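# A look at the structure
Spelled out, the chains give:
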Amino acid sequence: MVDPGMAAYGFMNGSAPGGKHYYSADRFAAFYREFLQRDWQGQVEVIPTSPAASMAELERFHTKDYLAG
């Protein structure tokens, strides 16, 4: 899956240097530039990101306390 909308996904904290998460908007941008430069879009099926999950869907995997945090 490759979609620029993925750059909006990320974490506030992580294990990378500086407390950042390894998957960040900066990292996606670098990947996406390279993806386009290598003309890989013609070699894969590009699938746009899915719509945001509903609260009911999120509650299937996370506690209400976690979601409220």
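Computed from a predicted model, the values in this text were never measured in an experiment.

This part covers the pattern of salt bridges. In this structure the tally under the stated criterion is one salt bridge. We note a salt bridge from Arg-38 to Glu-34, for which the minimum N-O separation is 2.5 Å. What makes Arg-38 partly exposed here is its relative accessible area of 46%.

This brings us to the packing of aromatic side chains. Applying the stated criterion across every chain, the model contains three aromatic pairs. The interplanar angle of 15 degrees and the centroid separation of 6.0 Å between the aromatic rings of Tyr-32 and Phe-35 together place this pair among those described as stacked. Here Tyr-32 pairs with Phe-35, and both are found in helix α1 (residues 25–37), just three residues apart, close to one helical turn. Its relative accessible area of 23% is what places Tyr-32 among the partly exposed residues. Centroid distance Phe-35 to Trp-40: 6.4 Å. Interplanar angle 75 degrees. Geometry classified as edge-to-face. With a relative accessible area of 31%, Trp-40 lands in the partly exposed category. Ring pairing ties together the aromatic residues Phe-31, Tyr-32, Phe-35 and Trp-40, which thus form one cluster.

Cut-off values and rules
- Positions within a chain are numbered from 1, following the residues in the order the chain's sequence is written.
- Reporting of local features is limited, given that this is a predicted model, to residues whose pLDDT is at least 70; pairs of side-chain atoms are given and counted only at 80 or more, and all residues count toward the totals for whole chains, interfaces and linings.
- To get the side-chain values, take all heavy atoms of the structure and skip hydrogens and water.
- Any carboxyl oxygen of Asp or Glu that lies within 4 Å of a side-chain nitrogen of Lys or Arg is treated as forming a salt bridge with it.
- Only protein chains enter the accessibility calculation, which uses a 1.4 Å probe; a residue is then buried when its area is under 20% of its type maximum, exposed when over 50%, and partly exposed in between.
- Side-chain rings of Phe, Tyr and Trp (the six-membered ring for Trp) are treated as a pair once their centres are within 6.5 Å; stacked means planes under 30 degrees apart, edge-to-face means over 60, and tilted covers the remaining angles.
- Note on conventions: DSSP H or I runs of at least 4 residues are helices, E runs of at least 2 residues are strands, and numbering of each starts at the N terminus.

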